[in-house]
Amino acid sequence: VLIMTFIASVQNFGRTYMTTGGSWGTMTPVHTMYDNVVRGNYGRASAYATVLFIFLFFATMLNMRMSTKDNQVA
């Protein structure tokens, strides 16, 4: 559930940024990465993107491994 919710929040970036612009406590790592790209801080933006990728990769692999074990038992 955590992984799917995180992926859905990344996919809804356009909606939240368009309506709030990152204010009112909606500044997520994706918003921060986008703001760094706009300001020309490409190194920091790529660091955010790399951390997000690594987190999502390992979380997805863990999720797939757990769902595979559940399917094998049944």
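Procedures and definitions
Residues numbered from 1 in each chain as written. Predicted model: local features only at pLDDT ≥ 70, side-chain atom pairs only at ≥ 80, totals over all residues. Heavy atoms only, no water. Helix = DSSP H or I, 4+ residues; strand = E, 2+ residues; numbered from the N terminus. Buried < 20%, exposed > 50% of the residue type's maximum accessible area, 1.4 Å probe, protein only. Areas by Shrake-Rupley, 256 points an atom, 1.4 Å probe, with all protein chains shown as cover. Phe/Tyr/Trp six-rings, centres within 6.5 Å; stacked < 30°, edge-to-face > 60°. Lys, Arg positive; Asp, Glu negative; His and termini not counted. Salt bridge = Lys/Arg side-chain N within 4 Å of Asp/Glu carboxyl O. Contact = heavy atoms within 4.5 Å.

Chemist: A description of the overall build of the chain should follow, citing residues and the corresponding values.
Modeler: If you tally the helices and strands in the chain, you get four helices and zero strands. When the helices and strands of the chain are read in sequence order from the N terminus, they spell out α-α-α-α. Counting every position in the chain, which comprises 74 residues, the buried fraction comes to 15%. Counting only carbon and sulfur atoms, one obtains 67% of the accessible surface of the chain, whose full area is about 5800 Å².

Chemist: Which residues make up the environment of Y17, and what values go with them?
Modeler: Tracing the backbone through its elements, the reader meets Y17 in helix 2 (residues 13-20). When the C-alpha atoms of Y17 and T28 are compared, they prove to be 9.8 Å apart, with eleven residues separating the residues in sequence.

Chemist: Which residues make up the packing of aromatic side chains, and what values do they have?
Modeler: Taken as a whole, this structure holds two aromatic pairs when the rule is applied. On the basis of an interplanar angle of 25 degrees and a centroid distance of 6.0 Å, the ring pair of F53 and F57 is categorised as stacked. Taken together, the positions of F53 and F57, both in helix 4 (residues 42-73) and four residues apart, correspond to about one turn of that helix. With a relative accessible area of 56%, F53 lands in the exposed category. The exposure class of F57 is partly exposed, given its relative accessible area of 40%. Between F57 and F58 the ring centres are 5.5 Å apart and the planes differ by 75 degrees, which places this aromatic pair in the edge-to-face class. According to the relative accessible area criterion, F58 is exposed, its value standing at 55%.

Chemist: Quick rundown of the side chain of D35? Include the residues and the values.
Modeler: Mapped onto the elements, D35 comes out in helix 3 (residues 29-39). An unpaired buried charge is present at D35: no salt bridge exists, and R39, the closest side chain of opposite charge, is 4.7 Å distant. Those residues in contact with D35 that sit more than four places away from it in its chain are Y17 and M27.

Chemist: Go over helix 3 with me, naming the residues and quoting the values.
Modeler: Those residues of helix 3 that fall on the buried side of the exposure criterion are V30, H31, M33, D35 and N36. Positive phi appears at G40, one or two residues downstream of helix 3, with a value of about 90 degrees.

Chemist: Please give an account of the side chain of N36 that cites residues and values.
Modeler: Note on placement: N36 falls in helix 3. The buried category is assigned to N36, whose relative accessible area is 5%. Discounting chain neighbours no more than four positions away, the residues touching N36 are N41, Y42, R44, A45 and Y48.

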